[in-house]
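Analysis of the macromolecular model
Letter by letter, the chains look like this.
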Amino acid sequence: MTEASRPGWWSRNWKWVVPTGCLGMALALASLVVLMVWSVGRMMKSSDAYRMAIARAKANPEVVRALGEPIEEGFFVSGSIQTAGSSGSASLTCPIRGPKGKGTVYVEAVRFAGEWRFRELKAGLPGQAGLVDLMEAGIEAR
């Protein structure tokens, strides 16, 4: 075979370059999606509304009885948090788990003058038909 009739690099290697390139782009896209989900979840978990809600759930006797101790935070927090200066709002669904099962904390809160106040704070627990109210009478979230 002469040098002129020998196929070029692309002709010889396209069968492994194309799948490798497609796989590389798919992995890069998947990594980007995972990074975005992780960073949004981390941002939500760092909010005061989330931390106060989880603290209330961990301190509630009904939640402790249903899930056991230690109660741990789940990974996928969903919902939204909006803040502008000293005001804002939060609507979150927070998974929690313990040795006896899994539950969910539901949060509706507003921020006024820099302080979060819960409108609704409830927990869905295994084996219970209704939601457990996590707001103690007369105590506001601060």
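Above this note sits the structure.
Quick summary incoming for the structure in this document. Please read all numbers here as calculations on a predicted model, not as lab measurements. (Residues numbered from 1 in each chain as written. Predicted model: local features only at pLDDT ≥ 70, side-chain atom pairs only at ≥ 80, totals over all residues. Heavy atoms only, no water.)

**Focus: the overall build of the protein**
Operational definition: Working definition: helices are DSSP H or I runs of at least four residues, strands are E runs of at least two. Numbering for both runs from the N terminus. As a reference, a globule follows 2.2 Å times the number of residues to the power 0.38, and the radius of gyration itself is taken over C-alpha atoms. Three exposure classes are used, based on accessible area relative to the maximum for each residue type with a 1.4 Å probe and protein chains only: buried under 20%, partly exposed in between, and exposed over 50%.
Summing up its helical and strand segments, the protein has three helices and six strands in all. In the protein, the succession of α and β elements from N to C terminus is α-α-α-β-β-β-β-β-β. A compact globule built from 142 residues would reach a C-alpha radius of gyration of about 14 Å, whereas the protein, at 25 Å, exceeds it by more than 25%. In terms of its C-alpha atoms, the protein occupies a principal-axis envelope of roughly 90 × 40 × 20 Å. By residue count, 27% of the 142 residues in the protein fall in the buried class.

**What to know about the side chain of Asn13**
Positionally, Asn13 belongs in helix α1 (residues 9-45). Under the relative-accessibility criterion, Asn13 is labelled buried at 16%.

Read these as layout, nothing more, since geometry by itself doesn't imply function.
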